[in-house]
Each structure stands twice: as C-alpha cells, then as structure tokens.
Amino acid sequence: MRKGNQTVKKTVTLLGAALLGISLLAGCGTKAEEASGDPGTVTVKLGVVGEDNEQWVPVVEALAKENIQLELVKFSDYAIPNQALADGEIDLNSFQHYAFLNNEIQDKGLELTAIGETIIAPLGLYSDKISDVGELKDGDKIAIPNDATNGGRSLKVLEAAGLIKVDPAAGYTPVLADITDNPLNLEFVEVKAANTPSLLPDVAAAIINGSHAVSNGLYPLENAIYLETVQEGSDNPYINVLVARTEEKDNEVYQKILAAYQTAEVEKVLEEVYKGAYLPAWK
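It should be emphasised that the depicted structure is a prediction, and the values quoted were computed from it without experimental measurement. (Residues numbered from 1 in each chain as written. Predicted model: local features only at pLDDT ≥ 70, side-chain atom pairs only at ≥ 80, totals over all residues. Heavy atoms only, no water.)

### Structural notes on the overall build of the protein chain
- The number of helices and strands found in the protein chain is nine helices and 14 strands.
- Buried positions account for 47% of the 283 residues belonging to the protein chain.
- Taking all contacts inside the protein chain whose residues are at least 6 apart in sequence as the whole, residues at least 24 apart take part in 72%.
- In the structure as shown, the protein chain presents an accessible area of about 13700 Å², 47% of it carried by carbon and sulfur atoms. (Helix = DSSP H or I, 4+ residues; strand = E, 2+ residues; numbered from the N terminus. Buried < 20%, exposed > 50% of the residue type's maximum accessible area, 1.4 Å probe, protein only. Contact = heavy atoms within 4.5 Å. Areas by Shrake-Rupley, 256 points an atom, 1.4 Å probe, with all protein chains shown as cover.)

The structure is reproduced here in structure tokens:
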C-alpha cells in the first residue's frame, strides 16, 4: 500500500437512482449547516474505500429523514482513511476489520475507536477442479494472498477446514513457517489478493476475498468449497467496523448512523447485491 500525502477524491453522487435528490455537502457540523441553510441539518463525512458502496444507500435515505446528511468520501488506498480520520478530514470511516485497525493504531499511534460492527467479507476456498475440500490430493497447490493480514487469515481458514494446523502462539496472523501439520503436503502459492482468482486454472484451489470473488463471477454462498463463517459471540478480528476518533466515540449522531446501518434494509442489500461477499456481522 502506498503511503504519504494524497488527495482525497470525493464522490459527487452515491450509487443508486434513489439518491439523485440527495445533496452531498462539503462541510460538517456548523459548516454543513451554513452550506445547507438549515441550522437543523448535520452533515457527516464517512470515509470508504472504492466504488462499491451500495449497502450505504438505505442508510443515507434513512438518515436524511432525521436531518443527517451522510456524505461518502471515497479513497482508493487503504493506507489513507485512518490518518484522514485522525486528522479531522472526515468524521467516520468504514472500510476495515478489527485486525487492520488495531495494527494501524499500534503502528501510527492513532487515537481511533471502533464504535460498532458492520459486515464480514468472508474468505472462501474456490476451485475449478474439485467440489469438496476432501478431494484435495497430496502435493496440491493452493493460492493464498501474500499480505500479512489476509495471508495469515487464509491459513486460519485452511486450518478451520481441517487441512493444516498452525502454531496457536501465532495468533490470528500466522505465516507459512507457523504451520505445524500439513498432512497433504500442500504447496502454497503466495500472490496479491486481487490476483488469486486468476490462478484458479493453475492450482487445485485458491483462497479468495469475497469482493474479489464476486468481481470474477464467483459467489461465495454458491461457489466456495469452503467459506469462513461468523460465530455469534466470537471475537473474530476480521469483522469490519465503523470507526470514530476516540474522543467522539459516544457522539449521538454517530450512534444514529450505526443504528441506521444495522437494519433489515441493509441486510437485504447485502443479500441481493453482494450474494454472500459481505455478510451482516451485527446479528
């Protein structure tokens, strides 16, 4: 991921025809009230990554009825939104899981806090050649992401599938050297997460992130031969979160935004649009 000062690219409209009538104001707080001419309206800037944000459509609509204008500020790089939040350029962000957030806080000394859970984008094991993990053979190759977070997460998924065992001391981010048992002598091919789908013709199976799967015509609930799951009450570090500056974690408007997200309307969008790539994590 690139680091350094980068220009924040703001969206002018949100996805979905239902949002055509919603103005995206440039400020927040008092500035937003001045821009709208309505002292009762509050604008909140929410940092997201990428263009795929349809789950926020019903949230924006619901909040507008409460005089809260939710503006999506789009970033192209995962390295930017947390610093932007800490610097006050945005008010909230929603693009990361606990593991990523905790690493950012530790590495950069940011005073940020998760104020609620949104989704989990499950990793799945996919294959062009087999339909069950039990069909894997001795020496088969499996493609996994090469970054520390997703690579370690992939190994934990393979462990849950009963294919390998990893050293418990490695926690949630083991590396290949932490594999303690590999009865099938599986060979692991490490590539960028976005490239794992393209390796399916060359390997027995590949671990693919939910969004990358859907982008390549693979639907987790239909096509994965093994899929990461969310267990109620678990401390899964890969659950995505809504994040605020620590000093504003109890902000009432932010809590309303969280409540507007954790609804049946958003769950319906996740089910119909993302087809298992994103699953609700608040239930």
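Having seen the model, we can carry on.
### A short note on unusual backbone geometry
- Of note, Asn-185 is a non-glycine position whose phi angle comes to about 50°, a positive value.
- By secondary structure assignment, the location of Asn-185 is in the loop between strand S9 (179-181) and strand S10 (187-191).
- Look at Asn-185 and you get partly exposed, because its relative accessible area is 48%.
- Despite not being glycine, Lys-275 has its phi angle at roughly 50°, a positive value.
- Mapped onto the fold, Lys-275 is located in the loop between helix H9 (264-274) and strand S14 (279-280).

### Describing the sheet that holds strand S6 (residues 124-126)
- Spatial strand order, S10-S7-S11-S6-S12: five strands in an open sheet with mixed pairing. Pairing within the sheet leaves two strands with one partner each, and these edge strands are S10 and strand S12 (226-227).
- Pairing geometry for S6 and strand S11 (residues 205-208), over three bridges, is antiparallel. Bridge pairing links Gly-124 to Ile-208 in S11.
- Helix H5 (residues 148-160) rests against S6, strand S7 (141-145), S10, S11 and S12 of the sheet, and its axis sits at about 135° to S7. (Pairing = 2+ DSSP bridges. Axes fitted to C-alpha atoms, helices over the stretch in contact; angles between N-to-C directions.)

### Section: the nonpolar core
- If you look at the biggest cluster of nonpolar residues, it comprises 27 residues, and the most contacted ones within it are Leu-46, Trp-56, Val-59, Leu-70, Leu-92, Leu-242 and Ile-257.
- Sorting the residues of this core by element identifies strand S2 (42-49), helix H2 (57-64), strand S3 (68-75), strand S5 (112-120), strand S13 (239-245), helix H8 (252-261) and H9 as the ones contributing at least two each.
- Ranked by residue count, the leading element in this core is H8, at five residues.
- Setting aside its immediate chain neighbours within four residues, Leu-46 contacts Trp-56, Leu-70, Glu-71, Leu-72, Val-73, Leu-92, Asn-93, Ser-94 and Leu-242.
- Val-157, Leu-158, Ala-161 and Phe-188 belong to the second-largest nonpolar core, a separate cluster that totals 21 residues. (Core = buried A, V, L, I, M, F, W, Y, C linked by side-chain atoms within 4.5 Å.)

### Focus: H2
- Of all the positions in H2, only Val-57, Pro-58, Val-59, Val-60 and Leu-63 are classed as buried.
- Looking at the buried positions of H2, the neighbouring elements they touch are S3, H8 and H9.

### Here's the deal with the confidence of the model for the protein chain
- On average, the protein chain scores 85 in pLDDT, and the residues at 70 or more come to 84%.
- Across residues 1-37 the pLDDT falls below 50, and counting only partners more than four positions away or on other chains, this stretch makes 63 contacts in the model. (pLDDT = per-residue confidence, 0-100.)

### Digging into the packing of aromatic side chains
- Using the criterion set out here, one finds seven aromatic pairs in the structure.
- Centroid distance Trp-56 to Tyr-261: 4.7 Å. Interplanar angle 55°. Geometry classified as tilted. Taken together, the positions of Trp-56 in the loop between S2 and H2 and Tyr-261 in helix H8 put the pair 205 residues apart, joining distant regions of the chain. Residues Trp-56 and Tyr-261 agree in their burial class; the two are buried.
- Taking 6.3 Å as the distance between ring centres and 85° as the angle between the ring planes, the aromatic pair formed by Tyr-172 and Tyr-238 counts as edge-to-face. Of the two residues, Tyr-172 is situated in the loop between strand S8 (165-166) and S9 and Tyr-238 in the loop between S12 and S13; the sequence distance between them amounts to 66 residues.
- Tyr-238 gets classed as buried once you look at its relative accessible area, which sits at 2%.
- Through pairs of rings, three or more aromatic residues link up here, namely Trp-56, Tyr-261 and Trp-282. (Phe/Tyr/Trp six-rings, centres within 6.5 Å; stacked < 30°, edge-to-face > 60°.)

### So, H9
- Those residues of H9 that sit buried are Val-266, Val-269, Leu-270 and Tyr-274. Down the axis of H9, the buried set is contained in an arc of 100°. They therefore lie on one face. Opposite the buried face of H9, at more than 90 degrees from it, the exposed residues are Ala-264 and Glu-271.
- Tucked into the core, H9 has its buried residues touching H2, S5, helix H6 (210-215), H8 and S14.
- Positive backbone phi, approximately 50°, marks Lys-275, located one or two places after H9. (Arc of directions from axis to C-beta.)

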